[in-house]
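# Structural overview for review
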Amino acid sequence: MGLICFEGGTRGLYESDLPEPSAPIPHISGTEGRITEGEDGQILLWNEKANGWQTIQPPPEETNQYQELTDWMEGKVPEHRSSGRQARYTMEILMAIYESLRIKNVVTMPLETRESPLELMVADGTLPILEEGRYDIRKPFPDQKQ
């Protein structure tokens, strides 16, 4: 679990591999109101102008991945959403969350630790290996039933 603070005050909460109940995803809060997902997948909006929660229907996002790739290759868009640069940003944020756990403090970007914080925690015994082998995120926690 990690709290990510962006420039301008925006914050993001990342959760993964946590036992139930999980935080409702997506949940967006801002100065003008909140947007969240309802129980049946509908999108709910709350703001001071509305009288309680309102169900909203955003316009469908017309995405054609082949056209996006073609547009990028033809230079119509500067960068494809699946570029290596975007993947690197994601990986740096995840490694910063692990580094924050390792040093027990806030981490600023760009991340200065060049080694994997996970490997460093395993090497120094902070993160003990309970079972040899590949970790499988699909496994339940020890106190959970499958």
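This text goes with the structure placed above it.
Overview of the structure. Everything numeric in this text was worked out from a predicted model, so none of it was measured. (Residues numbered from 1 in each chain as written. Predicted model: local features only at pLDDT ≥ 70, side-chain atom pairs only at ≥ 80, totals over all residues. Heavy atoms only, no water.)

The secondary structure content of the protein amounts to three helices and six strands. Listing every helix and strand of the protein by position from the N terminus yields β-β-β-β-β-β-α-α-α. By residue count, 14% of the 146 residues in the protein fall in the buried class. Once local pairs closer than 6 in sequence are excluded, the contacts in the protein between residues at least 24 apart make up 13%. (Helix = DSSP H or I, 4+ residues; strand = E, 2+ residues; numbered from the N terminus. Buried < 20%, exposed > 50% of the residue type's maximum accessible area, 1.4 Å probe, protein only. Contact = heavy atoms within 4.5 Å.)

Attention now goes to the sheet that holds strand β4 (residues 33-37). Overall, antiparallel pairing links the four strands, which are arranged β3-β4-β5-β6 in an open sheet. Whereas interior strands pair on both sides, the edge strands pair on one side only; in this sheet they are β3 (27-30) and β6 (54-56). On average, each strand axis in the sheet is inclined to that of its neighbour by 20 degrees, with strand direction left out of account. (Pairing = 2+ DSSP bridges. Axes fitted to C-alpha atoms, helices over the stretch in contact; angles between N-to-C directions.)

Looking now at the side chain of E99. As for its placement among the helices and strands, E99 is situated in helix α2 (residues 84-103). On the accessibility criterion, E99 (5% relative accessible area) is buried. Separated by 2.7 Å, the side chains of E99 and R102 make a polar contact. (Polar contact = N/O pair within 3.5 Å; in protein donor to acceptor, adjacent residues only side chain to side chain.)

One pass over the structure, following the stated rule, counts five salt bridges. A salt bridge links R81 to E68; its shortest N-O distance comes to 2.5 Å. Pair noted here: R81 is in the loop between α1 (65-73) and α2 and E68 is in helix α1, with a separation of 13 residues, a long-range link. Residue class for E68 comes out partly exposed when judged on its relative accessible area of 22%. (Salt bridge = Lys/Arg side-chain N within 4 Å of Asp/Glu carboxyl O.)

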